[in-house]
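# Structure assessment
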Amino acid sequence: MPVTISTWNINSVRLRAGLVARLLSEERPDILCLQETKSPVDKIPFEVFAELGYVHAVARGQKGYNGVAILSRVPIEDAGSIDWCGKGDARHVAARLLGGVLLHNLYIPAGGDEPDAAINPKFAHKLAFLDELARWGERLRDPAILVGDLNIAPLEDDVWSHKQLLRVVSHTPVEVDGLGRAQGEGGWTDVTRADIPAPEKLYSWWSYRARDWDAADRGRRLDHIWSRGGVPAVPGSSRILRAWRGAEQPSDHVPVMASFDI
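The present account deals with the structure reproduced in this document. (Residues numbered from 1 in each chain as written. Predicted model: local features only at pLDDT ≥ 70, side-chain atom pairs only at ≥ 80, totals over all residues. Heavy atoms only, no water.)

## Looking at the sheet that holds strand S8 (residues 144–149)
How we decide: Only strands joined by at least two bridges in the DSSP assignment are considered to pair. The way it works is that DSSP assigns letters per residue, a run of H or I at least four long becomes a helix, a run of E at least two long becomes a strand, and they are numbered from the N terminus.
Reading across from one edge, S5-S6-S7-S8-S12-S9 is the order of the 6 strands in this open sheet, with mixed pairing throughout. Bordering the open sheet on either side are strand S5 (76–78) and strand S9 (189–190), each of which pairs with just one other strand. Here S5 runs beside strand S6 (residues 92–97); their pairing, made up of 3 bridges, is antiparallel. Each bridged residue has a counterpart across the sheet, and for Asp78 the counterpart in S6 is Ala95.

## Some words on the sheet that holds strand S2 (residues 31–35)
Strand order in the open sheet formed by 6 strands is S3-S4-S2-S1-S14-S13, and the pairing between neighbours is mixed. Every other strand in the sheet has two partners, leaving strand S3 (56–60) and strand S13 (239–240) as the edge strands with one partner each.

## Digging into the packing of aromatic side chains
This is how it is decided: Each Phe, Tyr or Trp ring, with Trp reduced to its six-membered ring, pairs with another whose centre is within 6.5 Å; inter-plane angles below 30 degrees give stacked pairs, above 60 give edge-to-face pairs, and intermediate values give tilted ones. The buried label goes to any residue with under 20% of its type's maximum accessible area, the exposed label to any with over 50%, and the partly exposed label to all in between, with areas taken from a 1.4 Å probe on protein chains only.
Under the definition given, this model contains 7 aromatic pairs. A ring pair is formed by Trp8 and Trp244, whose centres lie 5.8 Å apart and whose planes are at 75 degrees; its orientation type is edge-to-face. In this pair, Trp8 is assigned in strand S1 (residues 3–9) and Trp244 in the loop between S13 and strand S14 (256–260), connecting sequence segments 236 residues apart. A residue is classified by how much of its surface remains accessible, and Trp8, at 0% relative accessible area, is buried. The class for Trp244 is buried, based on a relative accessible area of 6%. Note on Trp84 and Trp136: the rings are 5.5 Å apart at their centroids and 90 degrees apart in plane angle, and the pair reads as edge-to-face. Separated by 52 residues along the polypeptide, Trp84 in the loop between S5 and S6 and Trp136 in helix H3 (residues 121–139) bring together distant segments of the chain.

So this is what it looks like as structure tokens:
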């Protein structure tokens, strides 16, 4: 049977544990990868998710920011984590799935507001992270899946206005080029766009600042599912669950899903 994987920047797993539980109950992905859990691992309410059958979990956490977790109802093994840029941030965790495929859950830095590495250390960190991701990709040999909030909308049709966002962090040419290098060096396929190609507009994030996010529809596709090494994605299985942006007390991101024959 195919394994369905979902990725979601939840923007505080403790604040939105009920929302996570609702997704697990209604959509029943086999594996849910969360980013920006904003919690030490020992404070994550794993028991809430275990009651729904998600009894397997691996996570890395920090108090108040960052943090990644993988919840699963199928067996997984902790496959470690990478300390990107040597900052000690909880931005990556990996799990080995049945059959040996590695699943990487990644949270790339947002990069702040000013797209200039010379004056904005957060943007410099983001570009350095992308460089490390590309060098890491060069060394990969095994089949793998990478999911997460990559905080970059790479295509013109991944943003509400390509022209107006060219100088906005998440869609600047230097970020798009960096992500493209990382994707190319790792031999990654953008599974979502393989299923739903441009020019169809796709977004997974809408700002909290919009008075009516749905009507304004000024979104960006920041959340991604990639695969490499011949991991067979199920054609047509990709979905972006837009309606979850309208949930009560929502994250500003929505879940992204795809299935794999592994």
